[in-house]
Amino acid sequence: MSTLLEVSGMGKRFGGFVALDLIDLNLPEGQRLGLIGPNGSGKSTFVNCVCGTLRNETGQVRFAGQRVDALSAHERTRLGMARSFQLPRPFASLSLAENLRVPILYAANTRAESRIAQAAIPARCQEMLSLVGLADKAERLPSDLTQIEMRKLELARAMASSPRLLIADESLAGLSHAEVDEILALLIRLNEQGITVIMIEHIMRAVLAFSQRLVVLVAGRKVADGDPKDVVRDPEVVRAYLGE
Amino acid sequence: MRNAAFALILTAVAAVLFIALRWVNYSYAFVAGYAVLQFLVLGTGWNILGGYTGYVNFGVTAFFAIGAYTTVVLHKAAPFLPLPVMMLIGGTIAALAGLGTGYLTLRLRGVFFSIATLALAVVLQTLITNWDFVGGARGAYVIPPRTAPLIGGDYKQYLFLIMLITSIVVLVVARALERSTLGYGFAAIRDDEAAAEATGVPTLRLKLIATSLSGGFMGLAGAPMPYFMGYLNSTSTFDLNYAVNALAMPLIGGTSSWAGPVIGAALVGGLQEWLRVSNLQEWLHISIPSEANVLIVGVLMVTFVIAAPQGIVGLFRKKR
């Protein structure tokens, strides 16, 4: 399996606060990676630096063999990186279907292999919405949705860009047991279609059910990386979560 | 409706309107019509950046004045040029000014962008007031020809026709943008810029396209103005009224659709013209100062922002 995402020596500071301290991560194509860590450990900063929302100060990011540090967020999305936001950020004045149309027009259609003809776009939007169970609300506005439905919309919009790498930033928070299973099944199904997935999550049951590999961040440092069963027994991880 | 069909219908409506006015041959109708259409173009231009893309530009008069003063310069330097050519040059310069302003200010968001554009208008007014070639503070006389070229009759009719054609062009472009790839990109930027970037929208490039188009259209609105007034000075060209009207018309009509500025211009511009010439003052035995126009626009704008934030278009749009 070839390496899809290659992060080396990534560092990011906010003033005197070190948010990320020399993070290394190699992600083979097709892997399901879980990323956990206590609040404020740098998970979202890591995602933001990988996706280009924030710029890392040290180190480099390579995606599909190409250096992407100098690229802006939209250029990285066009290469095939997609993310959902931890707090949903829908396009409030556009219908759900139109929300998905934006990444189709601006990301999927910039690559030959994922191009969708104009006439086929409505059907594609509908298909993406039905994946997350929002098909019957395609013409509604995001303001009509519940918080949980907005998280599903976030995921659908990320998927609409036909990504090679999907980063789901706490997509499961607040969902019921059944809904968690539903989204997990969806993410696993996407992964089976060849999409590499990074899942940032606090719900351990979901992380363990999903991840083939688990990475733990604590205070901006990577303290563990490996098989989920071993990682959760790692003394440093246990200390970070449960204290001394 | 396809864009071509829309353009055809609009042209037909405009043709009927122009022929009817020519037939009635009431010269004031052309003057009032020009005033309303000028605001229609100005409001639609403003709306591409302000309404579609969500960046509120208070520097309307800067772009309007670039169009107007380009005509003054060309009138002195190359008086043989026909007015439509002068307008194209003025519009192009205003579009370039939009591009430059965009590049310098679009890293500012929200109210900071608005303040920067307001500063642009002040800087430009100072420059023009001190530029002797265009009349400086004294102002410049631009004496229009007595009769209209091509169509004959009063020159005001020619100006009206030119503004009518400009309106068609601007409206067709604005409407075509709405449901286009560009339009969806603009809407994404307006709603959430970070999310737009994350979904692949090249936000900086799209904002530059919006500022250029918007600036160019506002320049087009201003370009024939020296011929319309016959005299131009910096105080009247940079009048706050233009900025307030350009904002008020889309806001009252509705910023989400091309129809908004049309409705707004017809309503507000029409009302202002009516107040200016009606016998209301005699009926009510009061005197209405000319500044009342600003008051009316202000009251309407506040009312709509509070009571109908989606504008008149929003009142009729089915709730989704």
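On a predicted model such as this, the values are computed, not experimentally measured, just so you know.

Here's the deal with the overall build of chain A
Stage number 1. Along its length, chain A carries nine helices and 10 strands.
Stage number 2. Computed over its C-alpha atoms, the radius of gyration of chain A comes to 18 Å, within 12% of the 18 Å expected for a compact globule of 244 residues.
Stage number 3. With respect to the three principal axes, the spread of C-alpha positions in chain A is 55 × 40 × 35 Å.
Stage number 4. Looking at chain A as a whole, 45% of its 244 residues qualify as buried.
Stage number 5. Considering only contacts in chain A between residues 6 or more positions apart, those separated by 24 or more positions represent 65%.

A look at the packing of helix α4 (residues 121–131) of chain A against helix α5 (residues 147–160) of chain A
All names here are of chain A.
Stage number 1. Here α4 crosses α5 at 135 degrees, and the two axes come no closer than 9 Å. Judged by the inter-axis angle, α4 sits oblique to α5. α4 and α5 meet at a crossing whose hand is right-handed. Side by side, α4 and α5 meet where M128, L129 and L131 of the first sit next to A156, M159 and A160 of the second.
Stage number 2. Residues that form the contact of α4 with α5 fall into these classes: six nonpolar, no polar and no charged.

A few points about the packing of helix α7 (residues 181–191) of chain B against helix α9 (residues 203–222) of chain B
Residues and elements named next belong to chain B.
Stage number 1. The interhelical angle for the contact between α7 and α9, taken along N-to-C directions, is 110 degrees, at an axis separation of 10 Å. As summarised for this structure, α7 and α9 are arranged roughly perpendicular, according to the angle between their axes. Listed contacts from α9 to L182, G185, F186 and I189 of α7 are T203, L206, K207, I209 and A210.
Stage number 2. The residue inventory of the contact of α7 with α9, partitioned by class, reads six nonpolar, two polar and one charged.

Quick look at the confidence of the model for chain A
Stage number 1. Summarising the model, chain A shows a mean pLDDT of 90, and 99% of its residues fall at 70 or more.
Stage number 2. Of all helices and strands in chain A, the one with the weakest mean pLDDT is helix α9 (residues 235–242) of chain A (82), whereas helix α3 (residues 96–106) of chain A scores best (95).

Regarding α9(B)
Stage number 1. If you check α9(B), its first and last C-alpha atoms are 29 Å apart, about what 20 residues at 1.5 Å a residue would give, namely 28 Å.
Stage number 2. Summarising burial for α9(B): 17 of the 20 residues are buried, a large majority.

Some details on the sheet that holds strand β7 (residues 165–169) of chain A
Residue and element names in this part refer to chain A.
Stage number 1. Taken in spatial order, the six strands line up as β6-β7-β8-β3-β9-β10 in an open sheet, and their pairing is mixed. Edge positions in the sheet fall to β6 (81–84) and β10 (221–226), since each of these pairs with one other strand and no more. Sheet twist, expressed as the mean angle between neighbouring strand axes with direction ignored, is 15 degrees.
Stage number 2. Across the sheet, helix α1 (residues 43–51) touches β3 (32–36), β6, β7, β8 (196–200) and β9 (213–218), and the angle it forms with β7 is around 150 degrees.
Stage number 3. Running at roughly 155 degrees to β8, helix α6 (residues 177–192) makes contact with β3, β7 and β8 of the sheet.

Considering the domain arrangement of chain A
Residues and elements named next belong to chain A.
Stage number 1. According to the domain assignment, chain A consists of domain 1 (1–80 + 165–244) and domain 2 (91–162).
Stage number 2. Between domain 1 and domain 2, the C-alpha centre-to-centre distance is 24 Å.
Stage number 3. For the side of domain 1 that touches domain 2, the secondary-structure elements that each account for two or more residues are α2 (73–79), β7 and α6.
Stage number 4. Considering every element that reaches the side of domain 1 that touches domain 2, the biggest residue donor is α6, with three residues.
Stage number 5. Here the side of domain 1 that touches domain 2 is built from residues that sort into five nonpolar, three polar and two charged.

Here we look at the interface of chain B and chain A
Stage number 1. Contacts between the two partners involve 19 residues from chain B and, on the opposite side, 28 residues from chain A.
Stage number 2. Of all the secondary-structure elements, those providing two or more residues to the side of chain B that touches chain A are α7 and α8 (193–198) of chain B.
Stage number 3. Sorting elements by how many residues they give to the side of chain B that touches chain A places α7(B) first, with seven residues.
Stage number 4. Each residue belonging to the side of chain B that touches chain A can be placed in one class, and the counts come to eight nonpolar, six polar and five charged.

Thoughts on the pairing of β7(A)
As a general feature of sheets, a regular strand has side chains that alternate between the two faces.
Residues and elements named next belong to chain A.
Stage number 1. Taken across its five residues, β7 has five buried, putting it largely inside the fold.
Stage number 2. Every second residue of β7 is oriented toward a common face, with L165, I167 and D169 on one face and L166 and A168 on the other, all of them buried.
Stage number 3. As paired strands, β6 and β7 are joined by four bridges and run parallel to one another. Residue pairing for β7: S84 is matched across the bridge by A168.

Regarding the nonpolar core
Stage number 1. If you look at the biggest cluster of nonpolar residues, it comprises 156 residues, and the most contacted ones within it are A:A156, B:L42 and B:V60.
Stage number 2. If you tally residues by element for this core, the top one is helix α2 (residues 27–52) of chain B, at 12 residues.
Stage number 3. Both domains that meet at this core, namely domain 1 (1–80 + 165–244) and domain 2 (91–162) of chain A, each give it at least three residues.

A look at the pairing of strand β1 (residues 3–14) of chain A
All names here are of chain A.
Stage number 1. Looking at chain direction, β1 and strand β2 (residues 17–28) are connected through eight bridges and run antiparallel. Its bridge partner lying in β2, T3 is registered against P28.
Stage number 2. Summarising the sheet, β1 and strand β4 (residues 58–63) pair through five bridges and their orientation is antiparallel. Residue pairing for β4: S8 is matched across the bridge by Q60.

What counts and how
Residues numbered from 1 in each chain as written. Chains lettered and ligands numbered in written order. Predicted model: local features only at pLDDT ≥ 70, side-chain atom pairs only at ≥ 80, totals over all residues. Helix = DSSP H or I, 4+ residues; strand = E, 2+ residues; numbered from the N terminus. Rg over C-alpha atoms; globule rule 2.2 N^0.38 Å. Buried ≥ 20, exposed ≤ 12 C-beta atoms within 10 Å, placed from the backbone. Contact = placed C-beta atoms within 7 Å. Axes fitted to C-alpha atoms, helices over the stretch in contact; angles between N-to-C directions. Parallel < 35°, antiparallel > 145°, perpendicular 65-115°, else oblique. Left-handed = near helix turned anticlockwise from the far one by under 90°. Nonpolar A, V, L, I, M, F, W, Y, C, P; charged D, E, K, R; others polar. pLDDT = per-residue confidence, 0-100. Expected span 1.5 Å × (residues − 1). Pairing = 2+ DSSP bridges. Domains from an automatic or database assignment. Core = buried A, V, L, I, M, F, W, Y, C linked by C-beta atoms within 7 Å.

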